[in-house]
Amino acid sequence: MTSTYHAIPPITHQRDTFPEPVTSICFDPVSDTLWAGYNSGSVIAYYSAQGMRGVTFPVGGSLAVKHIVASDSNVRAAGISSNGVGAWGKGGVNKWFYRSPNAITAFSNNATHGPVFYACTAAQELLAINSQTGDLVRKTSAISIYSHLVCVPNALLTGSSDGYVRTIDPRTSSPTVNAVQAHPKGIQGLQASGTFIYTIGLGMRQGRPFPDPLVKVYDTRTMRPLPPVPFSAGPAFIDILPKRASTIVIASPQGLVNIVDVSNVSNTEFQQLDVPSYITSSAVSPTGTYMAFGDAEGAIHLLTAADEGSTLPLNGFEGQPVEWVDPPEPLPEITWTDTTPLNSIGMPYYDSPLLSSWTSKFFNTRLVAPPPPKIPPQILSTMKINDNVAYASLPKELKGRRNVVPSQPRRSTAKFRSSRRRSDIDTDAATYEFETDAIPKMYRRVEIEYSKFGVEDFDFDFYNHTEYSGLETHIVNSYTNPLLQLMHYTLPIRELAKSHITTDCQREHCLLCELGFVVRMLEDAKGTNCQSSNFCKTVGVLAQTNNLIELMDYGRESAEHNYGHMIQAFHRFFVENMSAEGNTFPHNPWLLPPPPDTKEPAAAPITQLFGIDAKNIITCTNCHSVREKEHMTHVIDLAYPRKAATNDPAHETDFASVVRNSVLRHSTHKATCPSCNKQFATFESTRSVATRQLPPILALNAAAFLEDNIRFWKDSRHQTFLRTSIELHGQVNGVDDPESALYELRGVIIQVMTKEKRSHLVAVVKVPEAEDNDELEPQASHSPWFLFNDFRVRQVKEKEALSFPAEWKIPTVIYLERVDVQGRLDFSLLPKEIDPSILCQDTNISLNRDSSLMKHECLHPDELPTLGTLVAIDAEFVSMQQEETEFRSDGTKKVLRPARLSLARVSVLRGNGPKEGVPFIDDHIHTSEMIVDYLTEFSGIKFGDLDPHLSRHTLTPLKVVYKKLRMLVDRGCIFIGHGLSKDFRIINIFVPPEQVIDTVDLYYIHARQRRLSLRFLSWYVLKEDIQTETHDSIEDALSALRLYKAYQEFESEGIFDKKLDEIYKEGKQYNYKPPSTAGSEPATSLSTGNATPHTGMLTPQFAMTPSSLLQASFMPGGYTVPTAHTFYVPHSYPPMNTPGWRQQQR
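All values reported here derive from a predicted model rather than from experimental measurement. (Residues numbered from 1 in each chain as written. Predicted model: local features only at pLDDT ≥ 70, side-chain atom pairs only at ≥ 80, totals over all residues. Heavy atoms only, no water.)

So, on to the pattern of salt bridges. This structure, assessed with the given rule, holds 36 salt bridges. Between Asp 850 and Arg 952 there is a salt bridge, with its nearest N and O atoms 2.9 Å apart. Note that Asp 850 is positioned in the loop between α13 (819-822) and β44 (870-881) and Arg 952 in the loop between α14 (936-939) and β49 (955-957), a separation of 102 residues in sequence. Since its relative accessible area comes to 22%, Asp 850 is described here as partly exposed. Note that Asp 1001 and Arg 1011 form a salt bridge whose closest N and O atoms lie 2.7 Å from each other. With a gap of 10 residues between them, Asp 1001 in helix α17 (residues 999-1002) and Arg 1011 in the loop between α17 and α18 (1014-1021) connect regions that are remote in the sequence. (Salt bridge = Lys/Arg side-chain N within 4 Å of Asp/Glu carboxyl O. Helix = DSSP H or I, 4+ residues; strand = E, 2+ residues; numbered from the N terminus. Buried < 20%, exposed > 50% of the residue type's maximum accessible area, 1.4 Å probe, protein only.)

The next point concerns the packing of helix α5 (residues 511-525) against helix α7 (residues 563-581). At a minimum axis separation of 8 Å, α5 and α7 run at an interaxial angle of 100°. With respect to each other, α5 and α7 are oriented roughly perpendicular. Contacts from Leu 511, Leu 512 and Leu 515 in α5 reach Phe 573, Phe 574, Asn 577, Met 578 and Glu 581 in α7. In the contact of α5 with α7, the residues fall into 6 nonpolar, 1 polar and 1 charged. (Axes fitted to C-alpha atoms, helices over the stretch in contact; angles between N-to-C directions. Parallel < 35°, antiparallel > 145°, perpendicular 65-115°, else oblique. Contact = heavy atoms within 4.5 Å. Nonpolar A, V, L, I, M, F, W, Y, C, P; charged D, E, K, R; others polar.)

On to the sheet that holds strand β3 (residues 33-38). The strand order across the open sheet built from 4 strands is β2-β3-β4-β5, with neighbouring strands paired in antiparallel fashion. Edge strands, defined here as strands with exactly one partner in the open sheet, are β2 (22-27) and β5 (52-58). The mean angle between the axes of side-by-side strands here comes to 20°, regardless of whether they run parallel or antiparallel. Inspection of the sheet shows β2 paired to β3 by 5 bridges, in the antiparallel sense. Within β3, the position partnered with Phe 27 by the bridge is Leu 34. (Pairing = 2+ DSSP bridges.)

A few words now on the sheet that holds β49. Sheet architecture is open: 6 strands sit in the order β49-β48-β47-β44-β50-β51, paired in mixed fashion. Lying at the two open borders of the sheet, with one neighbouring strand each, are β49 and β51 (996-998). The average undirected angle you get between the axes of adjacent strands in this sheet is 35°. Two elements, strand β47 (residues 900-910) and strand β48 (residues 919-926), share 5 bridges in a ladder whose sense is antiparallel. When the bridges of β48 are listed, Val 908 appears paired with Ile 921. Each of β44, β47, β48, β49 and β50 (974-977) is contacted by helix α15 (residues 958-970), which is oriented at about 145° to β48, the strand it contacts most.

Take a look at the structure:
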């Protein structure tokens, strides 16, 4: 042998079959075997330096193998998701497996004082495990989460996520003997030889983690630092070279290998591996003859000290023979006839455990047969026992369901339009679940999933087959969706909201305005999913302004977060706020004829619908003095009767009685009486409300927060507590009013509570449009009741709407409509239409507008659009919230919440007439929220453009711009643009498809599966170069308009199809970009200097190196969490579903 290493052909079996990273390597100490662990969680044995593939076995889980240690008798291994550590024989048979409730973060080699090794868990537990049996010997608490463990004589070395190297006496379980912080931000490698300790890890540079270019060296006995070893390429792996006490092998991710003697750093040797990707693991053979380096593609690169042309065993000597896979025994020859008995076919006999004979801890499924089915509780409750035989009659609701199993597993995951396969499977079809606590599928939480094409690819139609639109959930404060649906289908509220948006409301943040916009959108959508992003944003702004922390939804609630409390608190705030917003005192119109003797002006319209103008009558029980106090309330909290004492009369507990008692609200309290001057006198208080004063809409908060209150709502003996109609009597001065008022149930908001105490809200509403609709689902028996579970909408029976079978279904908000006044409500005095002159007004709130930058001319009154008027539109957006993405240690990612964009500029151009192409709207949108990214490269918006004190452009409130667009939609304008569906989605307005002409669809061949950008179409069709530096909404809208005109010309000449084929042919030649940029890469989604920096931008470049990612996936500290192995990254620019699509389509 020579002292110089040289490369030999790598082992490429895995790379050639299924490329995946080699995450761990270990040489066998006694046989010619190399053990390699892969990213999929399996270990493969390679025999001899030629890499003959041998046995393979899984370590548990589907994630990467974390660490392998080979001993004389077995191979110990653990994976990221294996939930423990196990030992396997050299033939692949599992010997034992220690299962831990917490993830194993590291384990050591065998201790020198006995058959024991050590392991650490993510719960900071140090385990001593018998290496022969897998039994737990001792468990102690760890000071930190150890990412590296090395046994040395009479000590255990630990490297932890806090960057400390500690020595522990394992024999006495004593605390740390010595400790030193080697690297401030974590240990990435730890080795020991003789009296030396070698470490590599992460240091700090300019306040950020950075790979330490030094290999730290310490004395084992005193932990005194010795001169470090520099390695400028950045050490990623470190190993000890056997038979050279002070020589180490350092490797970089790029394949640079340095063999250096720490006692004489001038004695060094360098090798450069031919690595097409990067190094992911390393190992040195027991004799130092071989070095192995695994890469990210599955190849294992070898260096050897053997002479050229000679080969040595991997372990350096002739050791134990290799355990090959047992060949199958040949099948016996059997002469088969019709009379051959079956017992003549023998069964094989085994004298050793089979490979499939896994230990019970490794294979944790102990059941060998399915468990017996549970007996339905309806049967258990009526069961009788006679002579140890139990029997019960079959309940009516279970008839026909015995011995029924699903014929096929029902699909529970979301569907995407890009991979949609039409089928008749109803995802909401009820499955028979005998557990009363099981939440039916239609009530369960629904989440929007994101494919690589973004939220636009999500198939909302998969969840809604009705003509009534649902609301999306990926928006902060979207817990208000059920209340919006309930108010939308309460017609008086709908009329008031629609009327309010036609007024000149001066409030920048007005909930009644936003409710009106949502109502109009739901009316027009007719089953197409909608989103209430503007409404939810206004909720957040007003909650912060009024310091209402209980109304704020941060999007990441804990298990204790109770949406039932939130929606009832918001309901009261919402109604009170709308009453103030819609109040035009003293010019409020009367919705009901006023009493003849009334001279006072009408109250706010919302108060006329919800308000209960009552008198609180307070009586002193000592002197019987009476005081009266006026009291106006809009929302009633239900008060439930307490358990009556033995000598007290029983309270009425039906729904009508509970509602009546809650309206009258009889209560007692103690105070000093001003009449008799008695201290702590008892006062009785009750409300005096005449029947005629009961409101047209009775809004109730269920206030069912205690188990005793929820008990009232539970179904009992096939009877429901909630009724479809109730009759109420008022009470005047303690005397019941003989006149009655009949109320019908309009809807109820339900809190769905899982066993894990996680809740969400749904609405069950009686839809007015469906009450006389005969085209309903037959299985719902023509029921007008619909369940609105965000974007999942399903028709239900009336019994289902009223039923509360178990504690998972809790009422929160109930609406009742008064029947006798429904026909008497008069909305004729309310405004009906938006003043069209708003299109002729130049609205501006900027203090420094530059007239030279104005490019629009407002419409003249005789230019007001009519049905079919063509207008061209384009919009630009800024980012208000970064996308949240979960990256997993296996390399996969999931979008948790997309970026939230806000309208920043909108331009609308005349589409025909003498001023064709001249903009009449070019407004920048003022926003009071913090902008996290101006997206200048794609929007043209810069810092200050949306600030009233700095902007030089026409700056307009969002509500005014929205009203202008709403007016254009209502007047039947035809909108022309490029990629309009996404623009309208972010603007939060629904435009009927017949009023949209999208050039991205006009110039599109479905078979090509490629949509053309506006820039490329303008270059080829119009011979114009646009978007050369940045985007301009006027330029983009004008280009879309000209493309439509060109389309009309091509169609009139009959050459459009031919022209479109030429466009695609030319686009393929130039990579669908104008020639000036065809050779360059697509513009990257980087934020400009105007963007506010954030953590995603500050991530150091080294953090994305493969070696760091691989080691960090099972090393706590630095960048990952050891238990979940995930982290969240807010992107500076959303890649697909938000601004990224503008780059592709423009």
